[in-house]
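Fold and contact review
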Amino acid sequence: MQAKVPELSMASVWSGPSTDAALEHWQDDRDVATVAGQIASRRVPVAEATAAVATFARTLKPEEKAEKLTQLFAGAFALLNRERGDVMNGIDRYARSQKAIAEQIRADQSRLSDLNSAGDDQQASALTSQLETQVRIFNDRRSSLSFVCEVPTIIEQRLFALARAIEAEIPG
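A brief structural summary. (Residues numbered from 1 in each chain as written. Predicted model: local features only at pLDDT ≥ 70, side-chain atom pairs only at ≥ 80, totals over all residues. Heavy atoms only, no water.)

1. Points about the overall build of the chain
- The helix and strand tally for the chain stands at five helices and zero strands.
- Across the chain, helices and strands are ordered from the amino to the carboxyl terminus as α-α-α-α-α.
- Taken along its principal axes, the extent of the C-alpha atoms in the chain is 85 × 25 × 25 Å.
- By the burial criterion, 36% of the 172 residues in the chain qualify as buried.
- Contacts spanning at least 24 positions in sequence make up 81% of the contacts within the chain whose residues lie at least 6 apart. (Helix = DSSP H or I, 4+ residues; strand = E, 2+ residues; numbered from the N terminus. Buried < 20%, exposed > 50% of the residue type's maximum accessible area, 1.4 Å probe, protein only. Contact = heavy atoms within 4.5 Å.)

Okay, here's the thing in structure tokens:
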């Protein structure tokens, strides 16, 4: 469990040069934007992403390294922060759906109690079968929620690793 933080703070992962201009212009440089997209992709292992940072840094002239690498970080940050926000919104929708399923289960359990009290065995049997299915689905979804909730942390860890790799390439 961790506290819900809707948006990441750049200062929490970056101690390099100021990113004010870089945040506005990272997409203007095709090479920076391409590498940012590659290293931000969770399909690319972190080790490969950090190696791509070093490879990109070697292609830069010494006088442009700080600016281009800061733009690279800004791009990776923007992409990963947006992805993390999408995941957080998905978790919220998932939680609301679970709450609705739980409310439906409670309502159906109350209805089942009424049917049993009234002696309506046929409807009670059908509702019992429906409830068993709902409870199974609810429990399956609940058990997978812990895995879903790990994704924002994985994104944060990736961003931190990328920030360190990029900062290591900046002269100074």
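2. Points about the pattern of salt bridges
- Taken as a whole and judged by the stated rule, the model has five salt bridges.
- Of the charged contacts, one joins Arg84 and Glu156 as a salt bridge, the two residues approaching to 2.7 Å between their closest N and O atoms. Separated by 72 residues along the polypeptide, Arg84 in helix 4 (residues 65–118) and Glu156 in helix 5 (residues 121–169) bring together distant segments of the chain.
- We classify Arg84 as buried; its relative accessible area is 0%.
- Across the pair Glu167 and Arg164 runs a salt bridge, and its minimum N-O distance is 2.6 Å. Of this pair, Glu167 and Arg164 both sit in helix 5, three residues apart, roughly one helical turn.
- For Arg164, a relative accessible area of 31% gives the class partly exposed. (Salt bridge = Lys/Arg side-chain N within 4 Å of Asp/Glu carboxyl O.)

3. Thoughts on the side chain of Glu167
- For Glu167, a relative accessible area of 17% translates into the label buried.
- Looking at Glu167, its side chain comes within polar contact range of the main-chain nitrogen of Ser15, at 2.4 Å. (Polar contact = N/O pair within 3.5 Å; in protein donor to acceptor, adjacent residues only side chain to side chain.)

4. Some details on the environment of Arg141
- Mapped onto the secondary structure, Arg141 falls in helix 5.
- Considering only alpha carbons, one finds Arg141 and Tyr94, 47 residues apart in sequence, at a separation of 8.9 Å.
- If sequence neighbours within four positions are ignored, Arg141 has contacts with Tyr94, Ser97, Gln98 and Ile101.

These values are about where atoms sit, not about what they do.
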